[in-house]
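# Per-entry structural report
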Amino acid sequence: MADAKAGAGNAIVGMGRGSYAMLLAFFLGPAVVIYTVFSIYPLFATIFNSLYLRQPDGAYLFNGLGNFQTLLTDTTWSVPFWNAFRNNCYFFFIHMLVQNPIGLALAAMLSLPRLRLRATYRTLIFMPTMLSVVIIGFSWQLILSPLWGISKMFLNALGLGFLFAPWLGQESTALITVSLISVWQFVGIPMILIYTALLAIPEELIDAATVDGLNQFQAFVWVKLPLIFPTIGLVSVLTFVNNFNAFDLIYAMKGALAGPNFSADIMGTLFYRTFFGNQLQLGDLSMGSTIATMMFLIILVGVMCYLFLIQRRMQRYSF
Amino acid sequence: MSEVKIEKLCKSYGPVEVLKDINLTVGDGSFVVLVGPSGCGKSTLLRSIAGLEPVNSGNMTIGGRQVNDLPPAQREIAMVFQSYALYPHMDVYNNMAFGLKFAKTPKAEIEARVNEAARILQLEPLLKRRPRELSGGQRQRVAIGRAIVRKPQVFLFDEPLSNLDAALRINTRVEIAKLHKMLKATIVYVTHDQVEAMTLADKIVVMNKGRVEQAGKPLELYYKPNNLFVAGFIGSPAMNFLPAQVKKGGILALSDGQELKAALPSSCKAGDTVTLGFRPEHMTLGGAGKFALTGIIDIIERLGESGFAHVRLPSGHTVVAEVRGDPRTGSGQSAKLTFDADYLHIFNAEGQRLD
C-alpha cells in the first residue's frame, strides 16, 4: 500500500511536461468546460450585450455605458428599475427579519435535549422547501383567495373575520404577503444549517456554562450564539443572493407584471419582462442585459461587503 | 469545613440503575479519586455531585449544607472537564472571569482573583490569548484556573489528563498534586488510570457496575483488597488468580495437583473452594521461598530493569511473575516460581477476601 503510493508520487514527479498537462486536462477539463459554457460565457455575453443598443433597422450599435445611463436616469426605465430595487430590498429585509430569526429559534428548539419527535418536526418544517414553487404559489393563492379561500373561513370561525383582506390583491400588502410565503417555504434551510452548527458544539461546554451559573437560555445567548455566528453569516449571505435572484414565486403567484400596479415587482420579474417581452412590451436584448448586469453588480457588491467587512473579522471555531 | 458527604445515593436512567446506594465521605482537604472501568458510574457520580445530573434518591451535603436541590452554580463547586470545555470565543482572562461576571462579583475582585490564579498557574503571559492558540497543557491549566477563581469548597476533576500525551500527563499529574498541597483543596477526581489514582489520592474509591467496591488509602487497597474485583483492578500487571481447594491441615490444592501449605484464615474450612491471589512482584523465578509452583515459561517480556515471565502451569492457568534484571532462562524452559506467604490473598467463592 505504502509502496503503491510512493510509486504514484514518483510517476507524477518524473512525468514530462506534456503528459502532466494531459493529466491536468483529464481531471480538470470537464469542470472547466461546463463552467465556462454555462457560467462564464453567459456572464460575459450579458455584459457585452449591455454595451450595445438595437437600432430601428435591427442592427446593434456600440453604445458604451449609455444603456446604464438610460436605465438609471430616463424615467421610462428608472421608475420601474428603482421600484423593483426597492421592492427587492424590502423582500430581502423581510427574509432577514423573519425567516432567519425563526430559523434560529426553530434550530434552538430542535436542539433541546429533552425534545421528542425531533426527526418528525425537522422533516415537516423542511417539507415546503422540497415542494415545487409552482405548487406552493398555487396552494397559497387558493388559501388566500377572498372567494373560496380557507383563510377567510378560518378567521370567520374564530370570530376574527374582520381581519381578513384580499392580501394578494392590495398594493399595500401584496409584496409582504408574497415575502412571507417565501419565508414559510424556505425557513427550513436556515433551520437545518444552524441546527447542524449547534450540534457541533460539545455538551461539556454547556455543562461548563451551567457550572458557571448560566441557565439554558443564557448559555444559548452567551456561549452557543457567538459560536454559530459564522453560520449565521453564511445564512445571511445565502439569503441575500437568493433574494436578489428571486423570480419564480412572484411569477407563479402574480405573473410577470407582479401586480397590482407593480407593487410586487422585483429585479427578476423586471428583467423577465424587459428581456423576453410581455404582452405589448417587446423583448429588448440590450436593456434586458443591462438589467441583468445591474443584478449581477448588486449581488457582487453585497457579497464583497460581506466578505471584506464581516467574514474577515469572524473566527471559525473547531472544538 | 468543606466536607462532602454522600448518603444512599441512587440514580437510574429508566430501568437502568447506574448508581446503587452510594455512601461516600470526602474529608476536608482530602484528595479522593474515583476509579473503575468505563461505564462503572464514576463520571455519573461526579456529575451528580456537581449537580449536572439529577439523582433519584439519597442525600448530598457539601460543607454541611444539603445541596440536592441546588443548581450547580450554588453548590460552591468547580469542575475541570475532560475536554477542558474552554469557551473558544473568549481569551484566557475572560474564560476565567466569565463565571464571576455572571455572579456579579465586583470588577476589582475579579481582576485580583484571575491574576492570582494566573500567577499560580504561570498563565500571566497568556491572558490575552484564545484557547486555540494554546497547547494542550496550557488549556488544561486554564481549565484549572477557571476552577480556582471560583474559590470553591470542592474541586471536581473529570479525567482531566486523558487528552494529554504521555510525557505531559506525568508532569501535569505532579502539578495537580502540588496544587492540592498548596491550596489545601478538597478534590474529587475521576480517572480510569490506576497510576493516577495511586499517585494522587489520599483515598481511592473503586467503583464497579454502579457500586462502590472498596474505598480506602491507596496502599490499603493494594495490599488488602476486599474482593476479587479490587484485587484485579488495582496493580499492573494484574494480580494472578488461581482456583484452589482447601484440604485438611491447612493445605491448598491447585487443580493440577500441586499443593501449598499456608496458615489459613480461620474462616477457611476444609472442602471450601477458594481463589488464591498473588502479585507478580511478590514472585521470584527460582529462589528459595516457602511456596513453590512449577510450570513452563511461555514468554518473557523484557523491560530492561525488569521483566515479566508468563509461566503456564500444568493446569493450563498462566501466572505472571516479575523478574529482576535479565534472566538467563527463556521460553519453553521449565521454571520454579517461589513466593512469600505474607503476600498471599485468599478469596472465598463469592469473591470476598478471607482474613
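All of these numbers come straight from a predicted model, not from anything done at the bench.

## What about the interface of chain B and chain A?
- Contacts between the two partners involve 16 residues from chain B, matched on the other side by 15 residues from chain A.
- It is helix H2 (residues 92-102) of chain B that contributes the most residues to the side of chain B that touches chain A, three residues altogether.

## Quick notes on the domain arrangement of chain B
All names here are of chain B.
- Entries for chain B in the domain assignment read domain 1 (4-233) and domain 2 (240-347).
- For domain 1 versus domain 2, the distance between C-alpha centres works out to 39 Å.
- Across the contact, four residues belong to domain 1 and four residues belong to domain 2.
- Class assignment for the residues of the side of domain 1 that touches domain 2 results in three nonpolar, one polar and no charged.

## Overview of the sheet that holds strand S5 (residues 65-66) of chain B
Residues and elements named next belong to chain B.
- Taken in spatial order, the four strands line up as S2-S1-S4-S5 in an open sheet, and their pairing is antiparallel. The strands lining the two open edges of the sheet, one partner per strand, are strand S2 (16-26) and S5.
- Judged from the two bridges that link them, strand S4 (residues 57-62) and S5 form a sheet pairing that is antiparallel. Paired with Thr-61 across the bridge in S5 is Gln-66.
- Contacts from helix H1 (residues 42-50) reach strand S1 (4-13), S2 and S4, with the element oriented near 65 degrees to S2.

## Description of the sheet that holds strand S20 (residues 345-347) of chain B
Residues and elements named next belong to chain B.
- Read from one edge of the open sheet, five strands run S13-S12-S11-S14-S20, paired in antiparallel fashion. Each edge of the open sheet carries a strand with a single partner, namely strand S13 (259-261) and S20. Direction aside, neighbouring strands of the sheet carry axes that sit 35 degrees apart on average.
- Taken together, the four bridges between strand S11 (residues 240-247) and strand S12 (residues 251-254) define a ladder with antiparallel strand orientation. Of the residues in S12, the one forming a bridge with Lys-247 is Ile-251.

## Things to note about the nonpolar core
- Of all hydrophobic cores here, the largest spans 110 residues; its most connected members are Val-33, Leu-156 and Val-188 of chain B.
- Taken together, domain 1 (4-233) and domain 2 (240-347) of chain B each give at least three residues to this core, which thus spans both.
- Val-33 of chain B has contacts with Tyr-189, Thr-191, Ala-197, Leu-200, Ala-201, Ile-204 and Val-205 of chain B, leaving out every residue within four places of it along the chain.
- Core analysis: the next-biggest nonpolar cluster, separate from the first, contains 32 residues, Leu-144, Leu-249, Phe-271 and Met-287 of chain A among them.

Conventions we followed
- Counting of residues starts from 1 at the beginning of each chain's written sequence and follows it residue by residue.
- Think of it this way: whatever chain is written first is A, whatever ligand is written first is 1, and the rest follow in order.
- Under the rules for a predicted model, residues below a pLDDT of 70 receive no local features and side-chain atom pairs below 80 are neither given nor counted, while totals for whole chains, interfaces and linings still include all residues.
- We call two residues in contact if the C-beta atoms placed from their backbones are at most 7 Å apart.
- Secondary structure elements follow DSSP: runs of H or I of four or more residues count as helices, runs of E of two or more count as strands, with numbering from the N terminus.
- Source of the domain bounds: an automatic or database domain assignment.
- Three classes are used: nonpolar for Ala, Val, Leu, Ile, Met, Phe, Trp, Tyr, Cys and Pro, charged for Asp, Glu, Lys and Arg, and polar for all others, with Gly counted as polar.
- By the convention used here, strands pair only if DSSP detects at least 2 bridges between them.
- Between the N-to-C directions of two axes lies an angle of 0 to 180 degrees, each axis being a line fitted to C-alpha atoms and, for a helix, fitted only over the stretch in contact.
- Joining buried Ala, Val, Leu, Ile, Met, Phe, Trp, Tyr and Cys residues through C-beta atoms within 7 Å gives a set, and that set is a nonpolar core.
- Our exposure labels follow a C-beta count within 10 Å of each residue's own C-beta, placed from the backbone: buried means 20 or more other C-beta atoms, exposed means 12 or fewer, and partly exposed covers the counts in between.

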